[in-house]
Amino acid sequence: MSASDRGTPGVPALLDVRDLRVTYGGYGGRRGGQLAVDGVSLSVAPEETLGLVGESGSGKTTVARCVAGLLRPRAGTVTFEGRPLRRAGRRPPDLQRAVQMVFQDPRSSLNPRMTVASIIAEVWRTHPVTAPEGDRTGALHRLLSGMGLDPEVAARRAGDLSGGQCQRVSIARALAVRPRLLVCDEAVSALDVSVQAQILRLLADLRARHRLAMLFISHDLGVVHQIADRVAVMRRGVIVEEGRTGAVLTAPRHEYTRALLDAALDLDDSVPGDGTADGRAVV
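Here's what I pulled together on the structure shown here. (Residues numbered from 1 in each chain as written. Predicted model: local features only at pLDDT ≥ 70, side-chain atom pairs only at ≥ 80, totals over all residues. Heavy atoms only, no water.)

Considering the nonpolar core
What counts here: Take the buried Ala, Val, Leu, Ile, Met, Phe, Trp, Tyr and Cys residues and link them wherever side-chain atoms come within 4.5 Å; each set so joined is a nonpolar core. Per-residue accessibility, obtained with a 1.4 Å probe over protein chains only, is compared with the maximum for each type, and a residue is labelled buried under 20%, exposed over 50%, and partly exposed between these values.
In terms of nonpolar packing, the biggest core is built from 54 residues, with Ile 171, Leu 182 and Leu 203 touching the most fellow members. Counting residues in hydrophobic clusters, the runner-up holds 32 residues, among them Val 44, Ala 68, Leu 95 and Ala 98.

Here it is in structure tokens:
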């Protein structure tokens, strides 16, 4: 695998994962058990989106959870600008804020009894350095508007929102602490196709506006095609192919990548970075 396949030449990695190994089961998850991730290495440059794609059970979500600090790897390193990314509870506050995750199921990732205003306020209490000065209600309304939500959503409980609205609130919660890397774990797979397209446009717009890097996890190369600069293809715990998205999709080298391509639909759809997410969509 060439150096150009592993990142942007001449640009230091924001996120760097080296020789990651994760085991499920066995003694403490470290002896015996099933090796779910076997020596994975990848990097994400500042403001870059890397798509990590593979079928269910390939290990891609396990990698994402290690990056987010929700799992402890058996071996290997995960660093952010050269600093170790330990378990979430052991990270210094600036690294906790720097890496945020958007989960697959937008409904279960939010407390259904809490209002949207309370959900965002809780984040600002946890990370007061990111809390806006002055009128927090106005800041909250601007944050929601930036997600394509009407400010009146702030007073509603999460359990009363649609799936698309819940995912927009989840993204707002992540953006409220001004992260530099967003880990999106199948962030659109639980949504209807039309809503998927809206959330992908939103993520593309947010990436440009906030100069975000993203690790975008998906089982669908068609979805990854719409948002990722580079793609890494996982199968059975290892990366079998990696490169610029266009190159991988037009000339895949591995038979597994070709099989994923055969299963993907609508590869010609693209996501414009034209601010369409500001259109107050509330689905």
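What to know about the packing of helix 5 (residues 163-175) against helix 6 (residues 193-210)
Going by this rule: Here the axes come from fitting lines to C-alpha atoms, over the contacting stretch only for helices, and the angles between their N-to-C directions go from 0 to 180 degrees. Per the convention used, a helix needs a DSSP run of H or I reaching at least four residues, while a strand needs a run of E reaching at least two, with both numbered from the N terminus. What sets the label is the angle itself: under 35 degrees gives roughly parallel, over 145 gives roughly antiparallel, 65 to 115 gives roughly perpendicular, and the rest give oblique. Should the near helix be turned anticlockwise from the far one by less than a right angle, the crossing is left-handed, and should it be turned clockwise, the crossing is right-handed. Note on definitions: a residue-residue contact is assigned when non-hydrogen atoms from the two residues lie within 4.5 Å. Each residue is assigned to one class: nonpolar for Ala, Val, Leu, Ile, Met, Phe, Trp, Tyr, Cys and Pro, charged for Asp, Glu, Lys and Arg, and polar for all the others, Gly among them.
Taken N-terminus to C-terminus, the directions of helix 5 and helix 6 make an angle of 15 degrees; their axes are 11 Å apart at the nearest point. Comparing the axis directions of helix 5 and helix 6 gives the class roughly parallel. When the axes of helix 5 and helix 6 are compared, the crossing they make is right-handed. For the pair formed by helix 5 and helix 6, the contact residues are Gly 164, Arg 168, Ile 171 and Leu 175 on the first element and Val 195, Gln 198, Ile 199, Leu 202, Leu 203, Leu 206 and His 210 on the second. Split by residue class, the contact of helix 5 with helix 6 holds seven nonpolar, three polar and one charged.

Some details on the packing of helix 3 (residues 116-126) against helix 4 (residues 136-146)
For the pair helix 3 and helix 4, the least separation of the axes is 11 Å and the interaxial angle reads 105 degrees. Considered as vectors, helix 3 and helix 4 are oriented roughly perpendicular to each other. Taken together, the residues of helix 4 that come into contact with helix 3 (itself represented by Val 116, Ala 117, Ile 120 and Trp 124) are Arg 136, Ala 139, Leu 140, Leu 143 and Leu 144. Class assignment for the residues of the contact of helix 3 with helix 4 results in eight nonpolar, no polar and one charged.

Points about the pairing of strand 7 (residues 181-185)
What counts, and what does not: Consider the strands pointing away from the viewer: the crossover is right-handed when the path from the first strand over the helix to the second runs clockwise.
For strand 7, the buried fraction is high: five of the five residues fall into the buried class. Here strand 7 shows a buried face lined by Leu 181, Val 183 and Asp 185 and a second buried face lined by Leu 182 and Cys 184. Since strand 7 and strand 8 (residues 213-218) lie parallel, the crossover through helix 6 that links them has a hand, and here it is right-handed.

As for a positive patch on the surface
The condition that has to hold: Here, patches come from residues exposed beyond 30% relative accessible area and free of salt bridges, joined within 9 Å for like charges and within 5 Å for nonpolar side chains (Val, Leu, Ile, Met, Phe, Trp, Tyr). All accessibility values rest on the Shrake-Rupley procedure with a 1.4 Å probe; residue burial counts only the protein chains present in the view. Any Lys or Arg side-chain nitrogen located within 4 Å of an Asp or Glu carboxyl oxygen qualifies as a salt bridge. His is not counted, nor are the chain ends; Lys and Arg add positive charge and Asp and Glu add negative charge. Just so you know, the charge point we use is NZ for Lys, CZ for Arg, CG for Asp and CD for Glu.
Residues Arg 72, Arg 86, Arg 87 and Arg 90 make up a contiguous surface patch of positive charge. Of note, Arg 87 is situated in the loop between strand 5 (83-84) and helix 2 (93-98). Assessed through its relative accessible area of 39%, Arg 87 is described here as partly exposed.

What about the sheet that holds strand 4 (residues 75-80)?
Sheet strands associate in pairs through backbone hydrogen bonding, adopting either a parallel or an antiparallel arrangement. Here is the rule we go by: Strands pair, by our definition, only if DSSP identifies at least two bridges between them.
Strands sit in the order 2-1-4-5 across an open sheet of four strands; the sheet is antiparallel. The outermost strands of the open sheet, each flanked by one partner alone, are strand 2 (34-44) and strand 5. Where strand 4 meets strand 5, two bridges bridge the pair, whose relative direction is antiparallel. Bridging from a neighbouring strand, Thr 79 pairs with Pro 84 of strand 5.

A short note on the pattern of salt bridges
A full pass over the atoms with the stated rule returns 12 salt bridges. Between Glu 48 and Arg 244 there is a salt bridge; the shortest N-O distance is 4.0 Å. Remark: Arg 244 occurs in strand 10 (residues 238-244) and Glu 48 occurs in the loop between strand 2 and strand 3 (49-53); sequence separation between them is 196 residues. Arg 244 sits in the partly exposed class, given a relative accessible area of 41%. If you follow the salt bridges from partner to partner, you end up with Glu 48, Arg 230, Glu 242 and Arg 244 in one network.

Thoughts on the layout of surface pockets
In plain terms, the rule: Note on definitions: the grid is 1 Å and covers protein atoms alone; a cavity is a set of points where a 1.4 Å probe fits but cannot get out; a pocket is an open set with protein on both sides within 12 Å along at least five of seven lines; lining residues have an atom within 4 Å of a point. Grid points are joined across faces, edges and corners, and a volume is the space filled by probe spheres set on the points.
If you add up the space inside the largest pocket, you get close to 450 Å³. Taken together, 15 residues form the lining of the largest pocket, with Ala 88, Gln 96, Val 99, Gln 100 and Met 101 sitting closest to its centre. Residue classes in the lining of the largest pocket are distributed as eight nonpolar, five polar and two charged.

Brief notes about the environment of Glu 122
Positionally, Glu 122 belongs in helix 3. The exposure class of Glu 122 is partly exposed, given its relative accessible area of 39%. With 51 residues separating them along the chain, Glu 122 and Arg 173 place their C-alpha atoms 9.3 Å apart.

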